[in-house]
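Observations on the three-dimensional arrangement
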Amino acid sequence: MNAPQSYIDTHFERFREELFTLLRIPSVSTASEHKGDVRRAAEFLRERFAEAGLEHITIYETPGHPIVYGDWLHAGADKPTVLVYGHYDVQPAEPLELWETPPFEPTVRGGDVYARGASDDKGQAYTHVKAIEAWLKTQGSIPVNVKIILEGEEEIGSPNLVPFLESHTDLLACDMVLISDTSMFAPEVPSITYGLRGLAYMQVEVQGANRDLHSGIYGGAVGNPINALAEIIARLKTADGKVAIPGFYDDVKELTPDERAEYAKLPFDEAAYKAALGLADVTGEAGYSTLERASARPTLDVNGIWGGYQGEGAKTVLPAKAGAKISMRLVPDQDPHTIEELFIRHVESLAPEGVTVKVHGHHGGPPAITRLDFPGMKAAAQAFSDVYGKEPLFTREGGSIPIVGAFKRVLGVDSILMGFGLNSDAIHAPNEKFSLKDYHRGIKTSAAFFARLAQQPAG
Ligand code: BES
Ligand code: MN
Ligand code: MN
């Protein structure tokens, strides 16, 4: 084992404690009462960047949460430049009563650390900070040029990072982006993710009368916003699981027979998948497998719905308002803005008489597919083999990382998605966890990646 790798073993206990300190900061980007906590997380990272030996360390202010940057650029002009990206913001921890231990008190059970952000993305992003430290402390150098950017707004759609990319193309110029913010295919099955879905997120609000009404006095004569909303939602999908919005599939790239054959080869256990979710059956678009439906096909889901009486017992009320949050996962080459417009036009056309319907969009992001045939991908696969002792699988995933599309569009570079999480990590949910063994191996894989990349012929 080389010096950086043994350094990682020797110092792992401290690496774990540092991660726990970061996990104790409730850096919830969507909640304004946590604005100071998000900044504290940025400042914590700035200090760790400095200890690791990074240079040009800067906290860039934005209209929202800050961006933390550092680099080490002395490997030589003949060596590639890697831009490491990650996010230190987290999703809200609610509902708190469903956590076995408090979300911002990291607790180890069964080899996993439980805390909000453990897997998404503090634990995964921090692997690279420690890999950089391991190189600089043992060798005084890294075999390739490294830039690292950690943002505090991924969970709200990276609204300020996109303009930051556009105005800092020289600062961020690189040959490839390295990101650990995805999942392995299964425990002990390392994987490189080469496709992510995009997102268009909508809100529908339905208004009936100017106030709640007695459903006996007015029912039958006055439009009911909940009934109207239910009718609209029921018309967004067909019985065979397709999205019923006209034009929705126009830009969808069909899977090729080769891609479908690759999907079929993945070691997917559908029975175990259903059992883990407590389901008797899975469901979705007809004609596609479960894995295809969850990663390579677009879909539409209601994420929240409200209106009317929800308290104890019965209340005979005809509500004045109802609403829903509805998101669509997108695949290449669907464009979130086009889909947003198609959704608005369709929902407005479905509005029943007697109510008014308003639709607006929230944040979103484009889908992404990255190239497989460049030196960075090869180096990433070798690094996984070095540390996990097996070749990684190449998979597509259903989640979204909005900035990946912008890296391609603005900087012209592909992203290598080297995930160390698991789908069972409960990200965004109560009892989020991250395997400490994968945290350890993640640091080693990142360190090995820098070495393997330096050995690759340029191209
Ligand atoms: N890290 C996730 C995305 C992810 C998770 C990709 C697992 C692949 C596997 C990221 O932090 C995330 O949650 N993204 C959001 C989008 C964002 C705009 C809120 C998502 O996918 O819902
Ligand atoms: Mn994430
Ligand atoms: Mn997330």
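What counts and what doesn't
Residues numbered from 1 in each chain as written. Chains lettered and ligands numbered in written order. Predicted model: local features only at pLDDT ≥ 70, side-chain atom pairs only at ≥ 80, totals over all residues. Heavy atoms only, no water. Donors = N, O, S within 2.8 Å, 3.2 Å for Na, K, Ca; no water. Buried < 20%, exposed > 50% of the residue type's maximum accessible area, 1.4 Å probe, protein only. Pairing = 2+ DSSP bridges. Helix = DSSP H or I, 4+ residues; strand = E, 2+ residues; numbered from the N terminus. Axes fitted to C-alpha atoms, helices over the stretch in contact; angles between N-to-C directions. Contact = heavy atoms within 4.5 Å. pLDDT = per-residue confidence, 0-100. Patch = residues over 30% accessible without salt bridge, like charges linked within 9 Å, V, L, I, M, F, W, Y side chains within 5 Å. Areas by Shrake-Rupley, 256 points an atom, 1.4 Å probe, with all protein chains shown as cover. Salt bridge = Lys/Arg side-chain N within 4 Å of Asp/Glu carboxyl O. Lys, Arg positive; Asp, Glu negative; His and termini not counted. Charge placed at Lys NZ, Arg CZ, Asp CG, Glu CD. Near = heavy atom within 4 Å. Polar contact = N/O pair within 3.5 Å; in protein donor to acceptor, adjacent residues only side chain to side chain. Nonpolar A, V, L, I, M, F, W, Y, C, P; charged D, E, K, R; others polar. Domains from an automatic or database assignment. Parallel < 35°, antiparallel > 145°, perpendicular 65-115°, else oblique.

1. Examining the coordination of the manganese ion (ligand 3)
- Distances from the manganese ion (ligand 3) to its protein donors, Asp120 (OD), Glu155 (OE), Glu155 (OE) and His428 (NE2), fall at 2.0 to 2.6 Å.
- A relative accessible area of 8% places aspartate 120 in the buried class.

2. Observations concerning the sheet that holds strand β18 (residues 433-435)
- Strand order in the open sheet formed by three strands is β4-β5-β18, and the pairing between neighbours is antiparallel. Two strands in the sheet have a free side with no partner beyond their single neighbour: β4 (107-109) and β18. Looking at each pair of strands side by side, their axes are set apart by 30° on average, direction ignored.
- With three bridges joining them, β4 and strand β5 (residues 112-114) adopt antiparallel strand pairing. Directly across from arginine 109, in β5, lies its bridge partner aspartate 112.
- In this fold helix α4 (residues 118-139) packs onto β5 and β18, with an angle of close to 40° to the strand it touches most, β18.

3. Describing the confidence of the model for the protein
- Looking at the protein, pLDDT values average 97 and 100% of them are 70 or higher.
- Of all helices and strands in the protein, the one with the weakest mean pLDDT is helix α7 (residues 257-265) (93), whereas β5 scores best (99).

4. With respect to a negative patch on the surface
- Taken together, the side chains of Asp250, Asp251, Asp335 and Glu341 make up a negatively charged region of the molecular surface.
- Position of aspartate 335 among the secondary structure elements: in the loop between β13 (321-330) and α10 (336-350).

5. Let's talk about the site of ligand 1
- Taken together, 17 residues surround ligand 1, and among them Glu154, Asp181, Arg329, Ser400 and His428 come closest.
- Contact between ligand 1 and histidine 87: an oxygen atom at 3.2 Å from a side-chain N or O atom of the residue.
- For ligand 1, an oxygen atom lies 2.8 Å from a polar atom in the side chain of histidine 428.
- Its residues placed into classes, the shell around ligand 1 shows four nonpolar, seven polar and six charged.
- Structurally, the shell around ligand 1 is a two-domain feature, drawing no fewer than three residues from each of domain 1 (2-196 + 367-455) and domain 2 (198-252 + 298-365).

6. Points about the packing of helix α2 (residues 12-23) against helix α3 (residues 35-52)
- Where α2 meets α3, the closest approach of the two axes is 10 Å, and the angle between their N-to-C directions is 155°. Considering the angle they form, α2 stands roughly antiparallel to α3. Facing α2, whose interface residues are Glu18, Thr21 and Leu22, α3 presents Ala41, Phe44, Leu45 and Arg48.
- Partitioned by chemical class, the residues of the contact of α2 with α3 number four nonpolar, one polar and two charged.

7. Points about the side chain of lysine 147
- With respect to the secondary-structure elements, lysine 147 resides in strand β6 (residues 145-151).
- Although lysine 147 lies buried, it forms no salt bridge, and the closest oppositely charged side chain, aspartate 71, sits 6.1 Å away as judged by the N-O distance.
- A distance of 2.8 Å separates the side chain of lysine 147 from the backbone oxygen of leucine 171, its partner in a polar contact.
- If sequence neighbours within four positions are ignored, lysine 147 has contacts with Tyr69, Gly70, Asp71, Leu73, Thr81, Val82, Leu83, Val84, Asp170, Leu171, Leu172 and Ala173.

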